[in-house]
Amino acid sequence: MVELKEMASLGFNLGFSFSGVKNRQVSVNGRARVISCCSSSSSEASQQGISTTKPPPEIELEFFGPKPGSDGTYPRDKAKAVSGEKLLRSIMQDSKIELYATYGKVMNCGGGGSCGTCIILDGRELLNERTDTENKYLKKKPESWRLACQTIVGNKENSGKVVVQRIPQWKK
């Protein structure tokens, strides 16, 4: 076993501090060098209920149905997603939120960017810019119209709320 101070004299930069680390030894096996140590600081943090890693930012989504119900209110669904990881279409499918109207269920493009759309009512700044495909198919529609299969929710750094009116084909 090689002590850690010997590792430092060999020119290794391990990229972290060893204060609060117990059993600081390195096994040398041929060319591979494996550090085995136990950190008291990480176990102390978990005992105190302190998280040592920051959770990724989340985007909260609220989906309104295309038409009001018999009571005059629009049906609503909610979902959450890690910022920048999924398309709006995938989030809706994973959350079992209705993506297509009756015709779209049979004749949808399967995510190719040429059928159904969503209207973004709030939170447009939390989405990616319109893609070339969206610009092609939605050129006569307002900027709030998006294709669910082309819309990335978040950018891995932002968080907030996006409000979507789903299945607006009836408004064409």
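Above this text is the structure in question.
Residues numbered from 1 in each chain as written. Predicted model: local features only at pLDDT ≥ 70, side-chain atom pairs only at ≥ 80, totals over all residues. Heavy atoms only, no water.

1. Regarding the overall build of the protein chain
Selection rule: Put simply, DSSP H or I for four residues or longer makes a helix, DSSP E for two residues or longer makes a strand, and each gets a number counted from the N terminus. Exposure is judged per residue with a 1.4 Å probe applied to protein chains only, and the accessible area is read against the type maximum: over 50% gives exposed, under 20% gives buried, and values in between give partly exposed. When checking whether two residues touch, look at their non-hydrogen atoms; a contact exists if any pair is within 4.5 Å. Here the accessible surface of atoms and residues is derived via Shrake-Rupley with a 1.4 Å probe, and residues count as covered only by protein chains that are part of the display.
A tally of helices and strands in the protein chain yields five helices and eight strands. For the protein chain, the α and β elements follow one another from N to C terminus as β-α-β-β-α-β-β-α-α-β-α-β-β. A buried classification covers 33% of the 172 residues belonging to the protein chain. Within the protein chain, contacts between residues separated by at least 24 positions form 58% of all contacts whose residues are at least 6 apart in sequence. Summed over its atoms, the accessible surface of the protein chain is roughly 11,100 Å², and 48% of this surface lies on carbon and sulfur atoms.

2. Some details on the nonpolar core
Which entries qualify depends on this criterion: Nonpolar cores were defined as sets of buried Ala, Val, Leu, Ile, Met, Phe, Trp, Tyr and Cys residues, with membership established by side-chain atoms within 4.5 Å.
L61, F63, L88, M92, V153, V162 and V164 are the most contacted members of the largest nonpolar core, which has 19 residues in total. For this core, the secondary structure elements donating two or more residues are β4 (58–64), β5 (76–82), α3 (88–94), β6 (118–122) and β8 (160–166). Setting aside residues up to four positions removed in sequence, M92 forms contacts with F63, I97, E98, L99, C118, A148 and R166. Formed by five residues, the second largest nonpolar core is a distinct cluster that contains I119, W145, L147 and C149.

3. So, unusual backbone geometry
Residue K96 is not a glycine yet carries a positive backbone phi of 60°. A relative accessible area of 74% places K96 in the exposed class. Of note in the backbone geometry, K156 takes a positive phi value of approximately 75° without being a glycine. On the secondary structure map, K156 appears in the loop between β7 (145–146) and β8.

4. Considering the pairing of β8
Inclusion rule: A pair of strands counts as paired when DSSP detects no fewer than two bridges linking them.
Across the seven residues that make up β8, a large majority, five, are buried. Across six bridges, the pairing between β4 and β8 is parallel. In the strand pairing of β8, I59 is matched with G160.

5. Points about the sheet that holds β5
Across a sheet, strands are paired by hydrogen bonds formed along the backbone, either parallel or antiparallel in direction. Pairing in this open sheet of five strands is mixed, and the strands run β5-β4-β8-β6-β7 from one edge to the other. Two strands close off the open sheet at either side, each with one partner strand: β5 and β7.

6. So, the pattern of salt bridges
Spelled out, the test is: The term salt bridge refers to a side-chain nitrogen of Lys or Arg lying within 4 Å of a carboxyl oxygen of Asp or Glu.
One pass over the full model with this rule turns up six salt bridges. Measuring nitrogen to oxygen at the nearest pair gives 2.7 Å for the salt bridge that ties R76 to E62. Taken together, the positions of R76 in strand β5 and E62 in strand β4 put the pair 14 residues apart, joining distant regions of the chain. Taking the relative accessible area as the measure of exposure, R76 reaches 52% and is therefore exposed.

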